[in-house]
Amino acid sequence: MPAKGVQVPHGTDIRIEGVRLALGDDPPMPVLGGVDLHVPAGTVAAIVGPSGCGKSTLLDVVAGLAAPDAGSISGADSVALMPQRDALMPWLTLRANIALGAELASAPRDDVGRRADEAIARLGLTGFADHYPHALSGGMRQRAALARTLLAARPAWLLDEPFGALDALTRTGMHDVLRDLMREVRPTVLLVTHDIAEAVALADRVLVAGPRPMAIVADIDAGDGADPAHAADAVMSALRTAGALA
Amino acid sequence: MSRRRLRRLLPVLILPLLAIAAWQVAIWVAAPREWMLPSPAAVAGAGWEARERLWFHAQWTLMISVIALIISAAVGAALAYVIARSRMARLAIYPWVIVSQVIPLVALAPLLVLWLPPFAAILVLAVLMSIFPVIVAGVDGLGAAHPDLIRATRGLGASEGWTWMHVRVPAALPRLFTGLRMAAVFVVSGAVVGELVASDRGLGALTRLSAGQFETPLTFAAVVLLALIGLGLFGAIAVAERLALPWTRRPTRPRS
Ligand SMILES: Nc1ncnc2c1ncn2[C@@H]1O[C@H](COP(=O)(O)OP(=O)(O)O)[C@@H](O)[C@H]1O
Ligand SMILES: [Mg+2]
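Residues numbered from 1 in each chain as written. Chains lettered and ligands numbered in written order. Predicted model: local features only at pLDDT ≥ 70, side-chain atom pairs only at ≥ 80, totals over all residues. Heavy atoms only, no water.

Participant: Can you lay out the overall build of chain A for me, pointing to particular residues and giving the numbers?
Facilitator: Scanning chain A for helices and strands turns up seven helices and nine strands. Overall size of chain A, expressed as C-alpha extent along the three principal axes, is 50 × 40 × 35 Å. Counting all 246 residues of chain A, 53% fall into the buried class. Look at the contacts in chain A between residues 6 or more apart in sequence, and 70% of them connect residues 24 or more apart. On chain A, roughly 10,200 Å² of surface is accessible, and the fraction owed to carbon and sulfur atoms is 52%. (Helix = DSSP H or I, 4+ residues; strand = E, 2+ residues; numbered from the N terminus. Buried < 20%, exposed > 50% of the residue type's maximum accessible area, 1.4 Å probe, protein only. Contact = heavy atoms within 4.5 Å. Areas by Shrake-Rupley, 256 points an atom, 1.4 Å probe, with all protein chains shown as cover.)

This is how it looks when you write it as structure tokens:
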């Protein structure tokens with residue numbers, strides 16, 4: 001179903017150059033050790049790396065929630081960040097949760113409800129709009145979080161292990177949902193995941209992150225022309241070379 | 001009433017029934033004078049006979065307790081917000097809020113009576129004795145929002161201030177209500193202490209007057225009424241909580 005009325009502006013590159021950041025005091029621990037990456041407008045890049053290497057921190061920096069010690073980021077106010085798990089407000093119904101996206105995008109007041117209903121239909125949540133999150137399955141909550149991100153109407157999405165909490169079957173279903181949505185809306189996407197198959201299935205490119213302090217150590221083609229099995233092998237061997245596999 | 005509800009209610013009555021039975025047995029065995037320890041039946045009889053007098057005093061205590069509880073809720077929640085929001089307030093005010101509870105507040109009653117008109121003195125005492133759990137629960141609640149909820153909204157462009165009003169405050173409500181339920185019980189004690197010292201009206205005053213004249217059955221009846229007022233306020237907060245926080249109710253439908 002076409003998402004009429006759900007509009008996301010096109011054409012923002014995500015460009016990060018030489019980003020360094022140390023966290024904590026005495027002594028500050030370097031978490032980002034000079035990260036360079038470029039995601040051209042409308043493409044999808046996945047970041048795969050060991051846990052604790054600084055991926056969430058990097059997304060915070062790109063979203064403008066944390067200031068880097070050095071380096072440059074372009075387009076902080078054009079990204080929408082979706083954290084791990086669904087992060088829906090338990091006290092709001094699904095519709096109100098989704099509408100938050102439009103409210104935060106300063107949509108005109110009488111437009112918010114209409115946009116929320118469109119996104120609800122688009123993500124197959126009709127009939128569940130008045131439920132509270134705790135009454136819904138993980139997959140449904142994740143769809144709602146995607147709908148909220150969609151309504152934020154930002155041209156770039158930062159997805160932080162969005163399906164990490166789902167069972168394998170639901171996760172595969174959510175891959176289809178996200179792929180359709182991305183094909184239609186054409187956002188620029190930076191997707192963090194620890195699932196190599198997920199990265200290869202969803203992304204045009206897979207960026208491999210080394211252990212903390214984080215840097216990008218490999219950039220692997222996983223687009224439509226690439227062989228998925230071959231791309232997955234390349235990701236594995238890059239992780240091994242970086243010493244990211246225990 | 002359905003049989004199931006009856007079966008859920010019965011265990012609640014075990015302890016009071018045992019207590020009344022033990023009380024009655026003590027009367028039979030020790031046969032104390034009625035002004036020392038009246039029998040349960042004597043208390044019930046005296047209570048029924050003096051029902052108008054009891055109601056006159058109960059209204060007063062109930063009114064003071066409700067007003068004081070509303071003040072505690074409003075001022076306590078506001079203070080909790082300021083303490084949670086401002087580092088300066090947390091350092092400058094919060095320790096003293098805690099220290100203030102070390103003072104036996106009952107000992108302040110005579111001073112308050114010295115400084116304030118009786119009604120105000122009783123109100124202040126009831127507020128002082130009930131505001132603490134509201135503040136502590138409020139401060140804890142405001143820090144309890146899951147960091148992902150804040151990250152999710154900040155990451156969609158929400159300001160820090162927006163997340164306070166739309167994430168931290170609603171996330172604090174369940175804990176705040178826990179504090180309010182405690183306050184509902186303490187506020188009655190505060191009102192009674194105030195009335196004992198400063199008033200000729202209210203159930204606290206009635207216990208003083210009746211015990212002074214050896215009308216002990218009436219004293220007991222007043223104490224029972226006080227317990228009922230505390231229970232009633234506690235229940236009222238619980239009902240308000242259910243209405244205000246429909247999302248904390250467990251799902252009625254299996255997850256799909
Ligand atoms: N505020 C902070 N202060 C100190 N250390 C932090 C802070 N936030 C995160 N870290 C540390 O930074 C590292 C990277 O964290 P994170 O970006 O969440 O990793 P990832 O998302 O790749 O699993 C971790 O070792 C974590 O303990
Ligand atoms: Mg992470």
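Let us keep going from here.
Participant: I'd love a proper account of the interface of chain A and chain B, names of residues and values included.
Facilitator: In this complex, chain A contributes 31 residues to the contact, which on the side of chain B involves 23 residues. Summing both sides of the interface, chain A and chain B together bury roughly 2,300 Å²; the carbon and sulfur share of this comes to 63%. Sorting the residues of chain A by area buried against chain B places Trp-91, Leu-104 and His-134 of chain A first, and these three jointly supply 33% of that buried surface. Where chain A touches chain B, the interface holds two salt bridges. (Buried area = accessible area lost by both parts, 1.4 Å probe. Salt bridge = Lys/Arg side-chain N within 4 Å of Asp/Glu carboxyl O.)

Participant: Outline empty space enclosed by the protein, listing residues and values.
Facilitator: Residue and element names in this part refer to chain A. Under the definition given, this model contains one cavity of 30 Å³ or more. As for the largest cavity, its lining consists of Glu-161, Phe-163, Gly-164, Arg-171, Thr-193, His-194, Asp-195 and Glu-198. Grouping the constituent residues of the lining of the largest cavity by class yields one nonpolar, three polar and four charged. (1 Å grid on protein atoms, 1.4 Å probe; cavity = no way out; pocket = protein on both sides within 12 Å on 5 of 7 lines; lining within 4 Å. Points joined across faces, edges and corners; volume = space filled by probe spheres on them. Nonpolar A, V, L, I, M, F, W, Y, C, P; charged D, E, K, R; others polar.)

Participant: Which residues make up unusual backbone geometry, and what values do they have?
Facilitator: For residues besides glycine, phi is generally negative; the peptide bonds are generally trans as well. Residues and elements named next belong to chain A. Residue Pro-27 follows Asp-26 across a cis peptide bond; omega there is -15°. Here the bond from Arg-212 into Pro-213 is cis, since omega is -10°, no more than 30 degrees from zero. In this fold, Pro-213 is placed in the loop between strand S8 (205–209) and strand S9 (216–221). The phi dihedral of Glu-161 falls on the positive side, at around 40°, and the residue is not glycine. In this fold, Glu-161 is placed in the loop between strand S6 (156–160) and helix H5 (168–185). For Arg-186, which is not glycine, the phi dihedral falls at a positive 55°. By secondary structure assignment, the location of Arg-186 is in the loop between H5 and strand S7 (188–193). Residue Arg-186 is classed as partly exposed on the basis of its relative accessible area, which comes to 42%.

Participant: Go over the sheet that holds S6 of chain A, please, and point to the residues and values.
Facilitator: Residues and elements named next belong to chain A. Strand order in the open sheet formed by six strands is S5-S6-S7-S3-S8-S9, with mixed pairing between adjacent strands. Whereas interior strands pair on both sides, the edge strands pair on one side only; in this sheet they are strand S5 (79–82) and S9. The sheet shows a mean angle of 15° between the axes of neighbouring strands, direction not considered. The pairing of S6 with S7 spans five bridges and is parallel. (Pairing = 2+ DSSP bridges. Axes fitted to C-alpha atoms, helices over the stretch in contact; angles between N-to-C directions.)

Participant: Run through helix H2 (residues 40–49) of chain B, naming residues and quoting values.
Facilitator: Residues and elements named next belong to chain B. Among the residues of H2, those classed as buried are Pro-40, Ala-42, Val-43 and Gly-47. In an axial view of H2, the angular spread of the buried residues amounts to 160°, which keeps them on one side of the axis. Facing away from the buried surface of H2 by more than 90 degrees, the exposed residues are Ala-41, Trp-48 and Glu-49. Looking at the packing, one finds that the buried side of H2 touches helix H1 (3–30), helix H3 (51–85) and helix H11 (216–244). (Arc of directions from axis to C-beta.)

Participant: Residues and numbers for the environment of Gly-47 of chain B, please.
Facilitator: Residue and element names in this part refer to chain B. In this structure, Gly-47 sits in helix H2. When the C-alpha positions of Gly-47 and Ala-191 are compared, they lie 21 Å apart, and in sequence the two are 144 residues distant. Gly-47 has contacts with Leu-54 and Ala-221, leaving out every residue within four places of it along the chain.

Participant: Any chance you could break down the site of ligand 1 for me, citing the residues and the numbers?
Facilitator: Residues and elements named next belong to chain A. Taken together, the neighbourhood of ligand 1 is formed by Leu-23, Gly-24, Met-29, Val-31, Ser-51, Gly-52, Cys-53, Gly-54, Lys-55, Ser-56, Thr-57 and Arg-212. The contact in question runs from an oxygen atom of ligand 1 to an N or O atom on the side chain of Ser-56, over 2.7 Å. Elements with a contribution of two residues or more to the shell around ligand 1: strand S2 (29–39) and helix H1 (55–62). Looking at which element gives the most residues to the shell around ligand 1, the answer is H1, with three residues. By residue class, the composition of the shell around ligand 1 is four nonpolar, six polar and two charged. (Near = heavy atom within 4 Å. Polar contact = N/O pair within 3.5 Å; in protein donor to acceptor, adjacent residues only side chain to side chain.)

Participant: So what about the packing of aromatic side chains? Which residues, and what values?
Facilitator: Residues and elements named next belong to chain B. On inspection of all chains with the given rule, the structure shows five aromatic pairs over all chains. With centroids separated by 5.5 Å and ring planes inclined at 75°, the aromatic side chains of Trp-35 and Phe-214 adopt a geometry described as edge-to-face. Placement of Trp-35 in the loop between H1 and H2 and of Phe-214 in the loop between helix H10 (203–212) and H11 is noted, with a sequence separation of 179 residues between them. Given a relative accessible area of 41%, Trp-35 falls into the partly exposed group. Given a relative accessible area of 54%, Phe-214 falls into the exposed group. (Phe/Tyr/Trp six-rings, centres within 6.5 Å; stacked < 30°, edge-to-face > 60°.)

Participant: Break down the layout of surface pockets for me, with residues and values.
Facilitator: Empty space among the atoms can be located by rolling a probe the size of a water molecule over them. In this structure, the largest pocket occupies an estimated 390 Å³ of space. The wall of the largest pocket is formed by 18 residues, among which Arg-85, Asp-86, Ala-87, Leu-88 and Arg-141 of chain A lie closest to the centre. Looking at the lining of the largest pocket, the elements that each hand over two or more residues are helix H4 (138–151) of chain A together with helix H8 (147–154) of chain B. With three residues, the top contributor of residues to the lining of the largest pocket is H4 of chain A. Size it by volume and the second largest pocket reaches roughly 340 Å³. The wall of the second largest pocket is formed by 19 residues, among which Arg-179, Arg-183, Leu-202, Asp-204 and Asp-224 of chain A lie closest to the centre. In terms of residue class, the lining of the second largest pocket is made up of 11 nonpolar, two polar and six charged.

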